[in-house]
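# Understanding the architecture of this molecule
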Amino acid sequence: MESTPARYSSPEGSNRDAHDRTPPSRDRLQNQSLSIRRGRPSSRSRSRSPLNSSPSSPSSKKRYRSTSSSRSSRPQTRSRSLSSRSRSRSPDSYSRSRSISPSRSRPPILPDYRPHLTLKGHTAAVSQVRISPDGKWIASASADGTAKIWNASTGAILDTLVGHMAGVSCLAWAPDSNTLATGSDDKAIRLWDRITGSPAHAVGGGGRGTTRGGPTGKGPLLGHHNYIYSLAFSPKGNILASGSYDEAVFLWDVRAGRLMRSLPAHSDPVSGIGFCRDGTLVVSCSTDGLIRIWDTSTGQCLRTLVHEDNPAVTNVCFSPNGLFVLAFNLDNSLRLWDYVKGSVKKTYQGHKNEGFSIGGGFGVLTDADDGYKVEEDGDHKIRSRPFIVSASEDGDIVIWDVVKKDIIQRITQAHKGVCFWVDVNGGTMASCGQDNVVRLFRHRPSHRIKREPNGVSGLIEHAGNEDSPDIDMVDVELQQQIEAEAEAASPGQNVKEEEL
Amino acid sequence: MNLLLSDDYLLQDYPENITNSIRSGHSTCVRFNRQGDYLASGRGDGTVVIWDIETMGVARKLRGHSKQIQSLSWSRCGRYLLSVCIGWKAVLWDLKDGKRYREVRFRAPVYGAEIHPWNHHQFAAALFETSPVLVDVTERAEIQHPLPSVPKRREGEPDFPKQTTTAIIYTATGDHILTATSKGRLNIIDTKTKEIIFSEKIAEKSLIVALRLTESGKDLLVNSNDGIIRTFHVPNLSAQDLDPDTIQLPLEHKFQDVVNKLRWGHVTFSASGEYVAASAHNNHELYIWERGHGSLVRMLEGPKEESLFIEWHPHKPLLVACGTETGRINIWSVTPAQKWSALAPDFAEVEDNVEYIEKEDEFDIHPHEEIQKRRLDQEEEDLDVLAVASGGGRPEETSTNAFPMPILFDLGESDSEDELVHVGFGTLRRKSPGDQDEGDATTGGEKVPAKKKAGGRTRKR
C-alpha cells in the first residue's frame, strides 16, 4: 500500500489476463473493492431486499464470467450494431437531414479516432491524462512522481513538473487552461502555472508565520490525511474539489489556497469527483459503491445514488448538460444515472473493468470536427454527436453511442497492459496506460475521406479495424522528430527543479 | 442546477442568521453584481475589493482612490465596475485586467453614481451642492451633461425652493433617470432630452437619501431623512403613448418605527422585491418588512454594532451589511438542514409511521442474469446529454453570458502589510485579541461550531 509508484506497475509484458494473476503490487482499488464484496453482504442484506443479498461471492463470480462470455460473443453484437448503424445512416434517423437536399446531405457524425502520436517520457505508469479546455495542451500524471505538459498538436514536451514526493494520481486543468492542479500520494495538491511550469500559488498569504506556504509562499495545498485520488476545477475556476483516500471531499478556494469546506463524503476512498456545468453541484464517488451529489454552496449532500448490486464506483462525471451522471463501476459497466430521479438510464458494457480505477467520459464531435464549414443557416444547424468513451483493462479504448448503447468504435491494444485514462476534447483524444506512454488520437473527418491522397484510408470500415491499430494517421515523421528530441534532451535535463 | 435537487423553495425567502463574516479593511459600501457571484466592497481607504461569494474570498483589489468610497455600480455583464469616492472622482474599472478603464473628475464631491443598465459607457452621478450630471465615457475624454434638479417653472407658479439632487438611478430600460432632491422631491428625467418629465414632492421637507428599484424596475424604494421608508409603483415609462402629464407614481407602503423614532441608514429590496430590508442609525438590528401586507416580519440581531450599508443578493435570501465600527461585512442567510434521506437512498423521511405493504414479486428470487437482462432491456429511453434544459430556476443565459473573472493567485501578498498601516477613514482601528491580523479574514458561520473552528485553525496555521 505504501510503495505508491509501484501502484500501477505490473509485470513486464502484462497482457489481457494480467488481472487474473493478481500481482502483489496490484492496484489498491481492487483490494478495496474485493474487501467490499466480501465484507458487505451481511450489512447489505439488512438494508436491501433479500433478492440482492443472496448473491455472495460465487454468484458474483458467475456474473463476471457471464460478462466475459458476452464479451466473447462480441462479434455478434458488433454485427448487430453495424447493421443498426447502416440503418442510422439513412436520412430518417437524423431528423434534420431530412430537410436537406440530397446532394448536400451529410452522413451522421461517427467517431473515427486514429493513432496520431505517442508521447514518451514518463518512467512509470501514467495514471491520468487530460487535455486542456482550449485543446492546446495535454497534461499527464504519472506514478514516477512527475506530471508533464505536452503540446497537443506537435507532441513536444513543454515541461516536467517536479515537486511531488510520491506518485501523482490525478490532475485537473483550470478552465482558462493556464493552471494545472496535481494530486499525489504525498497527500499534497499542487497548482502549477502552465506557462512557467513553476508552482502557481501563494498559499497562506505569503508570510505571517504560515508554515504551509513555505518561504516563497508557493507551497502545496495541504490538508488531506491520505493520498489524493481525484481532482476537479469548478467551471469558473475559483473552486478546486479534491477526493482522497481519507474518504473526504475537500473544496478549496483556489485564489487563496484555503480549505473552504470539508465534506465527510464516503466510507471508502473517494475515487472520482466532478463539477456540473454551472458549478452548483459536485459529484463524488467511492469504492463503497455510493455516488453522492453535493451542493457546492452549502456543502450538503443532496442525493445519494446506489446501484442494487452495489459495485464499487471508481470514477464519475456529469454529462455535458449536467442532467446525468456517468459512473464507472468495477463490474465491467458504465452507468448513466438520472440523478434527479435516482435511476439508471443506460448501462454500457463491452470493456473490461474489474480491478483498476480507469477513466473516460463524454466526448462531443461536431460538424466542425467532421470537416464541414460551420455556419448556421436555415438548412444546416451545427450538428453535434455525443458519445461515451472509456479506457479498458485489456488496453483498449471503447466508444459507445449514448442512446443506443452500442460500441461505435473500439481502438484495440492502444496500450500494453491496462489503459488507465482516456480524455476527449473534440477531435483530439488522449490516453495513457501502464506502458508509461501517452497516446494521442485524431478523429478522421468523414468529409475528407475522398480527398485523402492514399486510397487505403478511404476504405477502412469504422469498426472493422479489429486486428491491429492502423497507422495511416500516425504522423511518422513528426513522431521520429519527437523521439529524437527526447533522446537529445535525455531524461532529467528538461526537468525544472522546484525550490522547496 | 442544484435547484433540481433541493427543496429550498420550501424554505423561507428572507435571511435568518449570520452565516459568514468577511473583512478587508473598513468597508463602507457594498454592491452585488447582477449574477450575484461577486460582491464589490468599497473601503474607507479608497480601495475597492471584489469578493467571490462562492468562496467568500477576495477575487481582486482595485487601488485608485485615496478617499472613502461612496458608491459602487456594476455593468450588466459584470466586467466593468464604477466606483466613486468622496474625493470628487469616479473610476470605471475593467475587471479583466483590473486597470482603470476611465477616470472622471467632478467639480464637487459625489453622493453616488450609477452605470446605465445596458451601456457601460454612460453613467449618472449626483453631486454635492451642484446639479447632477450624465457622463458619457465612450471616448477617453468624457462628456458631462448637467441635469436639472427642479422642473421648469410654469406661468403663475411660485419658485421652487433651492434644492440639489441627492440620489440618482436609472430605470430598468435606461431611458429615464430617477432623481431625488434634498427637499423631498422626486424627478423623472428623460435621458435623451435631459428634461424633467415628471416631478412630485414625495417626502415633506426632508432629504432623500437613497432610491432603489427592483430588478423589473416596477417598484421604487425611497429612504428619506424623516424616518419613513416609502415604496412606489413605477409606471411603464417606455410605453409608446406616454403622456408626461398623466404619469402617476402611486405610493404603496410607508414603513417606519413610530415608537423608537428610528432613522434609517440604508434600504434595499429583496431579490424578488417581496421584502424590504433596512438598517437603522443607532440601532444594531436590521429590519425586514414584507410588502404584501406591509408588516414587519423579522428583526435580524447581529453583532453589537450599527450597520449602515446593506445589500440583498440578486436571487438568494442573503443579506449583506457593513458594520460601521469594525468595517466588517456580515452576511445573513438561511442554512437549510441536511436531509437525512439524501444520505441514505433506501430511507425516506415520513411524518408518521407508514405500514409497508410489500409488492407481490418483491421477494421473488430470480437468477442474476435474468435480472441483468431485464434491467438492460428497460434502458430504451431516448435521452439527450447535450441540450441544456431551460427553466430550472435562474435563466441560464445570465450566467453563461457573464464575464468570466480571471483567477488571480497573487492577492495575498499584496495585501496584509499596508492594510494594517492605513486602515479606515477617520477611524482608528482597534486591535482587540479577537481581531484577526490577516488582511482578509473569513469566519465561516457554519452550523457545526466545531467545524468552524477547525476551518479557522487551518487557515491560521
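What counts and what doesn't
Position numbers for residues start from 1 in each chain and track the written sequence from start to end. As they are written, the chains are lettered A onward and the ligands numbered 1 onward, keeping that order. Whole-chain, interface and lining totals are the exception, using all residues; otherwise, since this is a predicted model, local features are given only for residues with pLDDT of at least 70 and side-chain atom pairs are given and counted only at 80 or more. UniProt positions are given in the numbering used here, feature names are shortened, and annotations may be inferred rather than shown by experiment. Numbering of helices and strands starts at the N terminus; helices are DSSP runs of H or I of at least 4 residues and strands are runs of E of at least 2. Counting other C-beta atoms within 10 Å of each residue's C-beta, where C-beta atoms are placed from the backbone, gives the exposure class: buried for 20 or more, exposed for 12 or fewer, partly exposed between. For every residue pair, C-beta atoms are placed from the backbone, and the pair is scored as a contact if these atoms sit within 7 Å. Here, a strand pair is defined by DSSP locating no fewer than two bridges between the strands. A fitted line through C-alpha atoms serves as each axis, taken over the contacting stretch for helices, and the angle formed by two N-to-C directions is quoted from 0 to 180°. The predictor attaches a confidence to each residue, and that confidence, scored 0 to 100, is pLDDT.

An unreviewed UniProt entry lists chain B under the name SWD1-like protein, with Podospora fimiseda as the source organism. Per its UniProt entry, chain B bears the Subcellular location (unreviewed entry) comment "Nucleus".

As recorded in an unreviewed UniProt entry, chain A goes by the name Mitochondrial division protein 1, listed as coming from Podospora fimiseda. Per its UniProt entry, chain A bears the Function (unreviewed entry) comment "Involved in mitochondrial fission. Acts as an adapter protein required to form mitochondrial fission complexes. Formation of these complexes is required to promote constriction and fission of the mitochondrial compartment at a late step in mitochondrial division."

## Observations concerning the overall build of chain B
Helix and strand counts for chain B stand at 5 helices and 29 strands. Within chain B, the proportion of its 461 residues that are buried is 41%. Long-range contacts, defined here as pairs at least 24 residues apart, represent 47% of the contacts in chain B between residues at least 6 apart.

## Some remarks on the overall build of chain A
Of regular secondary structure, chain A possesses 8 helices and 29 strands. Out of the 500 residues belonging to chain A, those deemed buried represent 54%. Taking as baseline every contact in chain A between residues at least 6 positions apart, the subset at least 24 positions apart corresponds to 55%.

## Some details on the UniProt feature "repeat: WD" (unreviewed entry) in chain A
All names here are of chain A. As annotated in UniProt, the feature "repeat: WD" (unreviewed entry) corresponds to residues 119-160, 161-202, 221-262, 263-304, 306-347 and 387-410 in the numbering used here. As a span, residues 306-347 carries 0% helix and 57% strand, and end to end its C-alpha atoms are 14 Å apart. Segment residues 387-410 splits into 0% helix and 58% strand. End C-alpha atoms: 12 Å apart.

## Digging into the sheet that holds strand 12 (residues 133-136) of chain B
Residue and element names in this part refer to chain B. What the 4 strands build is an open sheet, ordered 10-11-12-13; its pairing is antiparallel. Each having just a single partner strand, strand 10 (110-115) and strand 13 (143-146) make up the two edges of the open sheet. The average undirected angle you get between the axes of adjacent strands in this sheet is 25°. Taken together, the 4 bridges between strand 12 and strand 13 define a ladder with antiparallel strand orientation. Residue pairing in the sheet places V133 in a bridge with P146 of strand 13.

## Regarding the sheet that holds strand 3 (residues 38-43) of chain B
Residue and element names in this part refer to chain B. Pairing within the open sheet is antiparallel, and its 4 strands lie in the order 2-3-4-5. In this open sheet, the two edge strands, each paired with only one partner strand, are strand 2 (27-32) and strand 5 (57-62). For this sheet, the mean angle separating the axes of adjacent strands, direction not counted, is 25°. Pairing between strand 2 and strand 3: 5 bridges, direction antiparallel. Of the residues in strand 3, the one forming a bridge with S27 is R43.

## A look at the UniProt feature "repeat: WD" (unreviewed entry) in chain B
All names here are of chain B. When the UniProt feature table is mapped onto this chain, "repeat: WD" (unreviewed entry) is found at residues 28-61 and 62-103. Counting secondary structure, residues 28-61 comes out at 0% helix and 62% strand; the distance between its end C-alpha atoms is 15 Å. Within the segment residues 62-103, helix and strand shares are 0% and 57% respectively, and the terminal C-alpha atoms sit 13 Å apart.

## Focus: the pairing of strand 24 (residues 397-401) of chain A
Residue and element names in this part refer to chain A. Buried residues dominate strand 24, accounting for 5 of its 5 residues. Taking every second residue as pointing to the same face, both faces of strand 24 are buried, with I397, I399 and D401 on one and V398 and W400 on the other. Of the pairings in the sheet, the one linking strand 23 (residues 384-391) to strand 24 comprises 5 bridges and is antiparallel in character. The residue of strand 24 that forms the bridge with A391 is I397.

## As for the confidence of the model for chain B
Residue and element names in this part refer to chain B. For chain B, mean pLDDT is 81; residues scoring 70 or higher make up 84% of the total. For the stretch residues 391-399, pLDDT sits under 50, and the model shows 12 contacts to residues farther than four places along the chain or on other chains. Long-range and interchain partners of residues 413-461, a stretch whose pLDDT sits below 50, account for 61 contacts in this model, where long-range means more than four residues apart. At the level of chain-chain contacts, confidence expressed as ipTM amounts to 0.82, with global pTM at 0.77.

## Description of unusual backbone geometry
All names here are of chain B. The phi torsion at E129 lies on the positive side, around 65°, for a residue other than glycine. Here E129 shows up in the loop between strand 11 (122-127) and strand 12. Phi angles above zero are rare outside glycine, and K194 is one such case at about 60°. Assignment of secondary structure puts K194 in the loop between strand 16 (185-190) and strand 17 (196-201).

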